[in-house]
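# Working through the structure, step by step
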Amino acid sequence: MYLTLKKGDVVRVSGPAKVTVASGEVLLLGATYVEGASLTIHRFRSYAMLALRDSTLDIRVGEGGEAAKVGPSDEVVVEWLRIAESLWSYYSEEGSLKVVIVGPVESGKTSSAAFISNYFTSRGETVYLLEADVGQEDLALPGTVALKKVTETFLWQRELGHDVLRFVGCIAPHVCKDEILCAVSDLSRLVPEGAPLVVNTDGWISGVKALMFKAGMIRWLRPTHILVTDVDAYTFMRSASLGAEVLYLPPPKVIRERDRAARRYLRRDLYRKYFLDSRVIEVSLSKVPFMKSRIFGGAEIPRGLVEEVIPQLKGAGKILRASKLGDSVYVLTENRVKEQHFTEGVKAYFFTPQDLRGCLVGLVGRKYEDVGVGIIESVKLRNGEVVLKIKTPVKDEVRGLIAGYIRLGSEYQEVGGEKGCFI
Ligand SMILES: Nc1ncnc2c1ncn2[C@@H]1O[C@H](COP(=O)(O)OP(=O)(O)OP(=O)(O)O)[C@@H](O)[C@H]1O
Ligand SMILES: [Mg+2]
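Residues numbered from 1 in each chain as written. Chains lettered and ligands numbered in written order. Predicted model: local features only at pLDDT ≥ 70, side-chain atom pairs only at ≥ 80, totals over all residues.

### Remarks on helix α3 (residues 177-188)
Across its twelve residues, α3 extends 17 Å between first and last C-alpha, which sits within 8% of the 16 Å expected from 1.5 Å per residue. The set of residues buried in α3 consists of E179, I180, L181, A183, V184, L187 and S188. In this fold, the buried residues of α3 make contact with β11 (127-131), β12 (144-150), β13 (164-167), β14 (197-200) and α4 (208-221). (Helix = DSSP H or I, 4+ residues; strand = E, 2+ residues; numbered from the N terminus. Expected span 1.5 Å × (residues − 1). Buried ≥ 20, exposed ≤ 12 C-beta atoms within 10 Å, placed from the backbone. Contact = placed C-beta atoms within 7 Å.)

Listed below in structure tokens is the structure:
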């Protein structure tokens, strides 16, 4: 279908759709597109386009997609444009810019990060995007925080990939707040002084814990601007701003909502893409440390001794590993032991290699820097050593593993919820 637009008209397009600019000039997510430009809008995305001149669009919508002209006040694109302009003039005067976007789920955080980035790269600037929404980690894969240097315009962060990542090991921010804060602060230090940095955060903002976590983010990032897409959070963010300018960024008026299943599907897509070109490596835990692991991190208990103290272990087959950490004992056996064991203040937890299968682990390289992520495929005892098989696209040498909470099934679907893995 062809849509004829007057300068200032706004069109809302919900994917799947393909839009070709037949004539004129339109603004989409902060970037301008002129005659001949073609854009593909994903089925989980919808956007508002603003005609910068009289224009004609050739729009082909797929199943479930939609495109229609809306009144300019039915959309927020003009307000977003004002905000991008004001950030641009700040940057032009001060020579530095650090923006943190805070708001609830489905409030336009990802889209506004893209908007600002596109606005800047269209003007020849290089922008750094820091994706701190561990559940919707579009640059890399869920369970990480990632950084990307951006020089081109784009529609969805998923097109970009990442330059560096930090494994945090969870998809729900409340599960690993500290890791996220440290990872974000660590990655932000890789950005050249003053270069425009846009930080997207997760949508966990209701409740005191969530707000304190966001305040922590501001404290350690020290942004120049905080964009808040929520009226309630706005007041709190002002109190936590440490001199940053706090701007209210109105959320899109009509949202392409994604339910839990759609979000899981979208995460699965990211895992699948990340592990597409993988190999399987063998890691011997006698040579490679497993950081933050309860099973492999504690003091090893001689196998004979555990069997003596814990009667349940009879029939559990080979003990691959038994370790004591604090007042708990973690025992990895060949066969499943049903009940937990609790005696004299010591609690024993039992695991089989099957429980570790599919767990995501962070991989660190020669200098113990994060080099990527792997999936545990198997855990075996070989000549008294525990050997893990790990699937990963990482080519570098692996010098250490980091435990997390995410577990994936054979089709990259998450299993066991936000704490599906317990190592
Ligand atoms: N101007 C707009 N008009 C209509 N829909 C829009 C507009 N901008 C964004 N959307 C859609 O609204 C949905 C939510 O936007 P977005 O993903 O940017 O929000 P978010 O706050 O990052 O969400 P999440 O918490 O899920 O990460 C997306 O599907 C997006 O395509
Ligand atoms: Mg988002």
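Still to come is the rest of the account.
### Re the sheet that holds strand β3 (residues 17-23)
Read from one edge of the open sheet, four strands run β1-β8-β3-β6, paired in antiparallel fashion. In this open sheet, the two edge strands, each paired with only one partner strand, are β1 (2-5) and β6 (38-41). Strand-to-strand, the axes of this sheet are offset by a mean angle of 25 degrees, without reference to chain direction. Bridge analysis of β3 against strand β8 (residues 55-61) gives six bridges, and the strand direction is antiparallel. (Pairing = 2+ DSSP bridges. Axes fitted to C-alpha atoms, helices over the stretch in contact; angles between N-to-C directions.)

### Here we look at the domain arrangement of the protein
If you check the domain split of the protein, you get domain 1 (2-72), domain 2 (77-261) and domain 3 (275-423). Spacing between the C-alpha centres of domain 2 and domain 3 amounts to 34 Å. With eleven residues of domain 2 at the interface, the matching set in domain 3 holds eleven residues. Taken together, the residues of the side of domain 2 that touches domain 3 sort by class into seven nonpolar, three polar and one charged. (Domains from an automatic or database assignment. Nonpolar A, V, L, I, M, F, W, Y, C, P; charged D, E, K, R; others polar.)

### Digging into unusual backbone geometry
Cis geometry is found at the peptide bond from G15 to P16, where omega equals 5 degrees. Checked against the element boundaries, P16 lands in the loop between β2 (10-14) and β3. Within the chain, L29 stands out as a residue other than glycine whose phi angle is a positive 50 degrees. You can see L29 is positioned in the loop between β4 (25-28) and β5 (31-34).

### Some details on the sheet that holds β2
If you walk across this open sheet you meet the five strands as β5-β4-β7-β2-β9, and the pairing is antiparallel. Bordering the open sheet on either side are β5 and β9 (66-70), each of which pairs with just one other strand. Along the sheet, successive strands turn relative to each other by an average axial angle of 25 degrees, direction set aside. As judged from the four bridges shared by β4 and β5, these two strands associate in the antiparallel manner. Counterpart to E25 in the pairing with β5 is V34.

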